[in-house]
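# A look at the structure
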Protein chains: 2
Amino acid sequence: MYAASNLTEQRFAQSHGLSGAQLPGPHLVSSYKAGRAVYAEGDAIDKCYQVATGAVRVYRLLSDGRRQVVSFHLPGEMFGFEAGSNHRFFAEAITETRLAVFGRRSMHERSQELLDIALAGMARAQEHLLVLGRQCAVERIAAFLADLSDRQGGVRQLRLPMSRQDIADYLGLTIETVSRVMTKLKERSVIALRDARTVNIMRLDALRSLCH
Amino acid sequence: MYAASNLTEQRFAQSHGLSGAQLPGPHLVSSYKAGRAVYAEGDAIDKCYQVATGAVRVYRLLSDGRRQVVSFHLPGEMFGFEAGSNHRFFAEAITETRLAVFGRRSMHERSQELLDIALAGMARAQEHLLVLGRQCAVERIAAFLADLSDRQGGVRQLRLPMSRQDIADYLGLTIETVSRVMTKLKERSVIALRDARTVNIMRLDALRSLCH
DNA sequence: CGGAATCTTGACCAAGTTCAAGCGGTGTGG
DNA sequence: CCACACCGCTTGAACTTGGTCAAGATTCCG
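How each quantity is defined
- Residue positions are given per chain, counted from 1 along the sequence in the order it is written.
- Whichever chain is written first becomes A and whichever ligand is written first becomes 1, with later ones labelled in order.
- Reporting in this predicted model follows two pLDDT cut-offs: at least 70 for local features of residues, and 80 or more for side-chain atom pairs to be given and counted; totals over whole chains, interfaces and linings ignore these cut-offs and use all residues.
- Where side-chain values are given, they derive from all heavy atoms of the structure, hydrogens and water being excluded.
- Throughout, the term near means that a residue has one or more heavy atoms lying within 4 Å of the molecule or strand in question.
- N or O atoms within 3.5 Å of each other form a polar contact, as long as, within protein, one can give a hydrogen and the other can take it, and as long as residues adjacent in sequence are counted only when both atoms are side-chain atoms.
- Counting from the N terminus, the helices are DSSP H or I runs at least four residues long and the strands are E runs at least two residues long.
- Only Asp, Glu, Lys and Arg are considered charged in this grouping, and only Ala, Val, Leu, Ile, Met, Phe, Trp, Tyr, Cys and Pro are considered nonpolar; every other residue, Gly among them, is considered polar.
- Least-squares superposition of the copies uses the C-alpha atoms of those residues scoring a pLDDT of at least 70 in each of them.
- Contact definition: two residues touch when any of their heavy atoms are within 4.5 Å.
- A side-chain nitrogen of Lys or Arg and a carboxyl oxygen of Asp or Glu constitute a salt bridge if their distance falls within 4 Å.
- Throughout, exposure labels follow a simple rule: accessible area from a 1.4 Å probe, protein chains only, divided by the maximum for the residue type, with under 20% read as buried, over 50% as exposed, and the rest as partly exposed.

Bringing the protein's contact with DNA strand C into the picture now. In the neighbourhood of DNA strand C, 16 residues make up the surrounding shell, with A:Arg164, A:Thr183, B:Ala137, B:Thr177 and B:Arg180 lying closest. Contact between DNA strand C and B:Glu176: a base nitrogen at 3.1 Å from a side-chain N or O atom of the residue. For the surface near DNA strand C, the leading source of residues is helix α5 (residues 175-187) of chain A, giving 4 residues. Taken together, the residues of the surface near DNA strand C sort by class into 4 nonpolar, 6 polar and 6 charged.

This is the structure we're talking about:
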């Protein structure tokens, strides 16, 4: 798969103070440059990952190039386990990223933790179904920003690691629509934009009420 | 929750020849009339279910009444476990339905099987994200019909237990669009409709190529 | 400073929704 | 047994949201 030789790897001390579920046992940390693949569709599933720093996108492609981003993963969050023995999604580092890597052994040893993580992943995906199936563009963006804020402990100053294209492919929209909605939210002073990647949530209540 | 007294309950012989994952141990079978709730949002999660006969819809509601059907469950399929301790979805029998009910104990005893089921559920939801996020109406309907066919072992004669409204709420469309697309597929002789609920897949290859 | 990406904005367009009417089977009461 | 009302489904016409295409603005970097 991806040779360890071109990665920065090192022992990873247990109990790191990261949020999210923890798997025990010694494991490695690998560094990924922005845009680098963590795994590809078809690769064998033999590891799982926890983001230490940076961000990861997991997505699928249609034959004609349409892309659906299934999830983003922020520091502390686990990803990389799927049903079956081979990946059906792609995972890539969005920015410079460091990942804690867990091998097959520590996965099998702690199936209870894995169950919790799998159930959380299912819940997340099902929540997202509601957004894609039944919410309009503004609601999608609002839900996205509110979710990002929540996942960082309710911060109001968001640094978006992902591009407009990533957001569009996550929300089932186009970059133009994402951009227009951001502008509209800015005009209504629900958010402020220092630059495209730096969002300041000015009225969290207004943002939440847009999520329905 | 739902009192056992108004249910038909009986001992359920193990190893029933149903497709899908099996959990061991004695359990009960309950009967549900069309439209009856299996559980509601907020109910404690203390059981899980396997469809014996009939069909179940699992869905979520927005405050303004918009509904997103997250999944349908056909004979042999398991449902009812979620992250956390309380349901965040509703589950209802679509038609007259019989369910095998598993208690908390048999759930905890076999977390490995549960893990597989949870991972399968996650995969299913993520697959559906692609449909809702990136496919047009015809592709959604085609994917839906092909999926139903697959889940029944590739049969070409489908009896749809669910209404057009259920399908619409599953695919993020309106009943009118579902109806129009069905008509269009019929005109192209990809399918034949004896009546609204009986679909005959005439050209499975054509249907699949519409799914992309 | 120049060039490439990324993002924003505008004008037009199309897919799907909304609204409204009609169809067809089913069940009920006269 | 028929008339009628009801429900789920289909169809048509007008409309709206978001997509497409194209042109600028901004940022990021070498």
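Between the two copies, chain A and chain B, the superposition gives an RMSD of 0.0 Å; the rotation angle is 180° and the shift along the axis is 0.0 Å. With respect to symmetry, the two chain copies, as superposed, fit the operation of a two-fold axis. Rotation axis and chain A: the residue whose C-alpha lies nearest the axis is A:Met122, separated from it by 2.2 Å. Residue by residue, 100% of the interface of chain A is reproduced at the interface of chain B, so both copies engage with the same surface.

Within the structure shown, the criterion is met by 32 salt bridges over all chains. In this structure, the salt-bridge partner of B:Arg57 is B:Glu92, at a minimum N-O distance of 2.7 Å. Of this pair, B:Arg57 sits in strand β5 (residues 56-61) while B:Glu92 is found in strand β8 (residues 90-93), placing the two residues 35 residues apart along the sequence. Relative accessible area serves as the criterion here: at 14%, B:Glu92 is assigned to the buried category. B:Glu77 serves as the salt-bridge partner of B:Arg151, at 2.8 Å between the closest nitrogen and oxygen. You can see B:Arg151 sitting in helix α3 (residues 137-151) and its partner B:Glu77 sitting in the loop between β6 (67-73) and β7 (78-79), a full 74 residues away along the chain. In this structure, B:Arg151 and B:Glu77 share a single accessibility class: buried. Overlapping salt bridges, with partners in common, bring together A:Arg57, A:Arg67, A:Glu92, A:Asp166, A:Asp169 and B:Arg134 in one network.

With that settled, consider the protein's contact with DNA strand D. Lining the immediate surroundings of DNA strand D are 16 residues, of which A:Ala137, A:Thr177, A:Arg180, B:Ser179 and B:Thr183 lie closest. Among all atoms of DNA strand D positioned within 4 Å of the protein, those belonging to sugar or phosphate total 64%. The separation between a phosphate oxygen of DNA strand D and a polar side-chain atom of B:Ser179 is 2.7 Å. B:Arg197 places a side-chain nitrogen or oxygen 2.8 Å from a phosphate oxygen of DNA strand D. Within the residue set of the surface near DNA strand D, elements represented by two or more residues are α5 of chain A together with α5 (175-187) of chain B. Per-class residue counts for the surface near DNA strand D are 4 nonpolar, 6 polar and 6 charged.

As far as function goes, none of this settles anything; it's purely spatial.
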